[in-house]
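# Structural overview
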Amino acid sequence: MFDANGLVILAVGAFLCFYGVRSVNLGVIAAGFGLGWMITSLFNASALTMLLFGLVGAVVSWVVCSLIFRSAAFVVGGLTGAVAGARLADLVQPGQSSWAASAIIIVAIAVATAFIADKYRARALLWLTSIGGASMMLVGIGRTFEALNWIDNPDSTPATITSNAIWVALAVAGWILQRRLFADRLGIKPRERAAA
């Protein structure tokens with residue numbers, strides 16, 4: 001069975017993972033959408049509820065970031081950290097998720113990554129958008145294709161290991177691609193070749 005709502009989160013996650021560091025505004029919107037979607041998906045909400053929470057998350061994130069644009073890196077870092085935190089909360093609580101435990105994990109990771117992003121700016125956002133986008137992509141793949149649901153909800157140790165390996169591989173691929181595409185924005189200078 002094919003779920004079109006999963007395709008939405010897959011597309012938003014791919015954008016964030018492979019293009020997120022290019023535009024802070026679009027990164028904020030994508031991360032806010034992903035955060036709203038992933039938090040509601042932890043509790044098996046309906047697709048319409050997840051879409052609604054995703055849209056609310058996108059709008060609220062953009063408005064908050066617009067009001068305090070000087071701390072945009074802090075906001076994007078916190079949002080993408082919260083997306084990764086939602087993935088980790090899902091991994092450490094197989095089956096039924098606890099609101100309290102999920103909130104503690106998500107908030108702790110969001111706060112830590114917000115401060116890291118504020119301190120290290122573009123370099124931290126490169127990692128955070130790659131990791132957060134990869135998290136969203138796993139949810140999207142699992143929801144879009146029923147046969148691949150194990151990627152989002154692993155039900156055995158081998159499935160968990162494989163799902164996490166895919167998460168790491170997607171995050172690293174996003175990091176590599178963004179680093180190459182947006183080297184100027186990140187302040188990365190090409191290595192000068194030594195004169196022979």
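Residues numbered from 1 in each chain as written. Predicted model: local features only at pLDDT ≥ 70, side-chain atom pairs only at ≥ 80, totals over all residues. Heavy atoms only, no water.

### Examining the packing of aromatic side chains
Put simply, the rule is: Centre distance within 6.5 Å is the pairing criterion for rings of Phe, Tyr and Trp, where only the six-membered ring of Trp is used; planes under 30 degrees apart are then read as stacked, over 60 as edge-to-face, and the remainder as tilted. Helix numbering and strand numbering both begin at the N terminus, where a helix is a DSSP run of H or I of at least 4 residues and a strand a DSSP run of E of at least 2. Exposure is judged per residue with a 1.4 Å probe applied to protein chains only, and the accessible area is read against the type maximum: over 50% gives exposed, under 20% gives buried, and values in between give partly exposed. Comment: the charge-over-ring label is applied if NZ (Lys) or CZ (Arg) is within 6 Å of the ring centre and within 35 degrees of the ring normal.
Taken as a whole and judged by the stated rule, the model has five aromatic pairs. Measuring from centroid to centroid gives 5.8 Å for phenylalanine 33 and tryptophan 37, while their planes differ by 35°, and the two rings are tilted. On the criterion of helical spacing, the pair formed by phenylalanine 33 and tryptophan 37 is a turn pair, its members being four residues apart in helix α2 (residues 24-41). Residue phenylalanine 33 is classed as buried on the basis of its relative accessible area of 6%. Pairing phenylalanine 74 with phenylalanine 115 gives two aromatic rings, centres 5.1 Å apart and planes at 80°, and the pair type is edge-to-face. Pair noted here: phenylalanine 74 is in helix α4 (residues 72-92) and phenylalanine 115 is in helix α5 (residues 99-144), with a separation of 41 residues, a long-range link. In this structure phenylalanine 115 comes out as exposed when scored by relative accessible area, which is 52%. Clustering of aromatic rings is evident, with ring pairs tying together Phe15, Tyr19 and Phe182. Sitting over the ring of tryptophan 167, arginine 87 keeps its end group 5.5 Å from the ring centre.

### Remarks on helix α3 (residues 47-67)
Note the cut-off: Expected helix span is computed as 1.5 Å times (number of residues minus one). Pairs of residues are marked as contacts when any of their non-hydrogen atoms sit within 4.5 Å.
The terminal C-alpha atoms of α3, which comprises 21 residues, lie 30 Å apart, in line with the 30 Å expected from a rise of 1.5 Å per residue. Residues of α3 that are buried sit in contact with α2, α4 and α5.

### Side note on the confidence of the model for the protein
Stated precisely, the cut-off is as follows: Each residue carries a pLDDT value, the predictor's own confidence for that position, ranging from 0 to 100.
With 91% of its residues at a pLDDT of at least 70, the protein reaches an overall mean of 82. Helix α8 (residues 183-186) is the least confidently modelled element of the protein, averaging 76 in pLDDT, while helix α7 (residues 157-181) averages 91, the highest of any element. The low-confidence segment residues 192-196 (pLDDT under 50) makes zero contacts with residues lying over four places distant or belonging to another chain.

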